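# Results of the structural survey
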Amino acid sequence: MTDVKTTNSNGLCYKELDNLKIGDVFSYISEKGVLRHYVISFLHKRMGHSIATIIYPDGFSETITIENLKNNKDKYEENLENWSLIYSKYINEAKMYE
């Protein structure tokens, strides 16, 4: 685990946590049968639980426990050094609701 210095008094933030890294991109098939992607943008611990914030190319984000994230069995694709590039990398997904 690599600690990231932070002013967050609620816990530590990480570049890597429970074998996941900031910038890891995963894919899955949506309920409508569409291939979708998301990237891990933030890793931290809250009340003893490992938590990831994930962002989709369209800008929607959610917070999920790493345990639930691993249970999804989504496919690991790659690691983006700059996770904010998820928008441009999957531009068709980013614009799917326009």
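Quick note: structure is the one above.
This report concerns the structure included in the present document. The shown structure was predicted, so the numbers you read here are calculated from the model rather than taken from an experiment.

## Points about the side chain of Ser27
Within the secondary structure, Ser27 sits in strand β4 (residues 24–29). Of note is the side chain of Ser27, whose polar atom sits 2.6 Å from the side chain of Glu77. Leave out the neighbours within four places in its chain, and Ser27 touches Leu35, Arg36, His37, Asp74, Lys75 and Glu77.

## Some remarks on the pattern of salt bridges
The full count for this structure, using the stated rule, is three salt bridges. The shortest N-O distance in the salt bridge between Asp58 and Arg36 comes to 3.8 Å. Placement of the pair is Asp58 in the loop between β6 (49–55) and β7 (61–65) and Arg36 in strand β5 (residues 35–46), with a sequence separation of 22 residues. Note that Lys89 and Glu78 form a salt bridge whose closest N and O atoms lie 3.2 Å from each other. Of this pair, Lys89 sits in helix α2 (residues 86–89) while Glu78 sits in strand β8 (residues 75–79); the two residues are 11 residues apart in sequence, bridging distant segments of the chain. Residue Lys89 is classed as partly exposed on the basis of its relative accessible area of 42%. What you see here is one network of salt bridges that share partners, running through Arg36, Asp58 and Glu93.

Basis of the calculations
- Residues numbered from 1 in each chain as written.
- Predicted model: local features only at pLDDT ≥ 70, side-chain atom pairs only at ≥ 80, totals over all residues.
- Heavy atoms only, no water.
- Helix = DSSP H or I, 4+ residues; strand = E, 2+ residues; numbered from the N terminus.
- Polar contact = N/O pair within 3.5 Å; in protein donor to acceptor, adjacent residues only side chain to side chain.
- Contact = heavy atoms within 4.5 Å.
- Salt bridge = Lys/Arg side-chain N within 4 Å of Asp/Glu carboxyl O.
- Buried < 20%, exposed > 50% of the residue type's maximum accessible area, 1.4 Å probe, protein only.

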